[in-house]
Amino acid sequence: MTLHARYPAISDLKARARRRIPHFVWEYLDSATGVEATQRRNRTALDQVLMAPSILHGEFTPDLSTTLLGHAHPLPIGIAPVGMSGLVWPGAEQMLARTAAREGIPYTLSTVASQLPEDVGPHAGTQGWFQLYPPRDPAIRDDILKRAKDSGFHTIVLTVDVPVASRRERQTRAGLTNPPKLNLRLAMQAAQCPAWLSGIRKTGMPRLRLMESYTENRTALPSNHHIGYLLRTSPDWDYFKSLRDVWDGPLIVKGVGNPDDAARLTDEGADAIWVSNHAGRQFDGGPATIETLPAVRAATPLPVIFDSGVEGGLDVLRALAMGADFVMLGRAFHYGLGALGEPGAAHVLDILRQDMISNMGQLGAKTLLDLPQRLKITQ
């Protein structure tokens, strides 16, 4: 039986991952903040983007390739940063980096990953992006940038939608600390997930190794107030300008939802705009990302990247039709890892690819540029 026969959708991988990952880890991966209304709005709003099938186009194989920031990719899809990936599945960062290198898609390593850029960058080949949570100390910032560049990460993603720590109530109730400490309750949960626990025994309990490089503090803190929060700052426009001055490669700004901000970032030297609401993990009173996408698209000639709420290839096509140039997914690839280990990440990508091909056939869309013409209505 093939993987597509057993797990034809990302939701199938999600269900299997939930059984193989301890509850406290699952709550970290799957939760949002507040009553999780923004997370639900992301899904509802995507479902309301309708596209019109088109007939009598004959046989064709859709061209899914695209170019972003001078790099050609076979798919308009990349792997978004997820903090502490190695908690979700042991060795996750290297697994995802290898998948990205094999498939020719970007992989974004988080500042708060469980592995150092020096240990992940070589696995990513030419596909490495580095997501920067802005350190308060310019010397730390510059050292992190140097380490990322020396490790092969050629593009920086400045995340700006985390000015303060969010509440993330489900995550807090689960009892997760950072670094994680297995008290009796959490140890019992881990014992029910032998594959995860076996991996953790091999890799060691994940830690914020990069952040720990710059502090002697090893205290276990709540997972939404970890050491990374103690070292980072809430950036302003001057911070962005100083980062632009010191980083000579592509610079993407992630967490943009306001078209005025997109226009100013264009003027101030950003290379791409990443429309995101952090998948509902930061603020529970905002619009769905797909709702903010068209105005941002209209405000900038730069490439526009999209995330939040994407659960399949049709969602990717919806975002592209609404103005995105590229779509990033984070949770989906981690569901794949939790379900099947490293092969699961590749299977997620194949699910997305096959779903896009099927739906583009229905739409009569031979290339990604045809998609906006098939946009029918946003309810």
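Residues numbered from 1 in each chain as written. Predicted model: local features only at pLDDT ≥ 70, side-chain atom pairs only at ≥ 80, totals over all residues. Heavy atoms only, no water.

Visitor: For this particular structure, what's the right way to read the pattern of salt bridges?
Guide: Pairing is possible between side chains that carry opposite charge, provided their charged atoms lie close to one another. Following the criterion strictly, the structure yields 24 salt bridges and no others. A salt bridge links glutamate 27 to arginine 170, with the shortest nitrogen-to-oxygen separation between them at 2.7 Å. Remark: arginine 170 occurs in helix H9 (residues 169-173) and glutamate 27 occurs in helix H3 (residues 23-30); sequence separation between them is 143 residues. The residues glutamate 27 and arginine 170 share a single accessibility class, namely buried. In this structure, arginine 353 and aspartate 350 form a salt bridge, with 2.8 Å as the shortest nitrogen-oxygen distance. Here the residue arginine 353 and the residue aspartate 350 both occupy positions in helix H19 (residues 342-363), the gap between them amounting to three residues, near one helical turn. Note on aspartate 350: relative accessible area 22%, which makes it partly exposed. Each of the salt bridges in this network shares a partner with another, and the network as a whole consists of Lys14, Glu27, Asp30, Glu36 and Arg170. (Salt bridge = Lys/Arg side-chain N within 4 Å of Asp/Glu carboxyl O. Helix = DSSP H or I, 4+ residues; strand = E, 2+ residues; numbered from the N terminus. Buried < 20%, exposed > 50% of the residue type's maximum accessible area, 1.4 Å probe, protein only.)

Visitor: What am I meant to see in the pairing of strand S10 (residues 251-256) here?
Guide: Taken residue by residue, a regular strand's side chains alternate between the two faces of the sheet. Across the six residues of S10, six count as buried, placing the element largely inside the fold. The sheet contact formed by strand S7 (residues 155-159) and S10 spans four bridges and is parallel. Its bridge partner lying in S10, valine 157 is registered against isoleucine 252. Judged from the four bridges that link them, S10 and strand S11 (residues 272-275) form a sheet pairing that is parallel. Looking at the pairing, lysine 254 lines up with tryptophan 274 of S11. In this region the chain leaves S10, passes through helix H15 (residues 259-268) and returns to the parallel neighbour S11; the handedness of that crossover is right-handed. (Pairing = 2+ DSSP bridges. Right-handed = clockwise from strand over helix to strand, strands pointing away.)

Interpretation note: all reported values are geometric properties and have no functional meaning in isolation.
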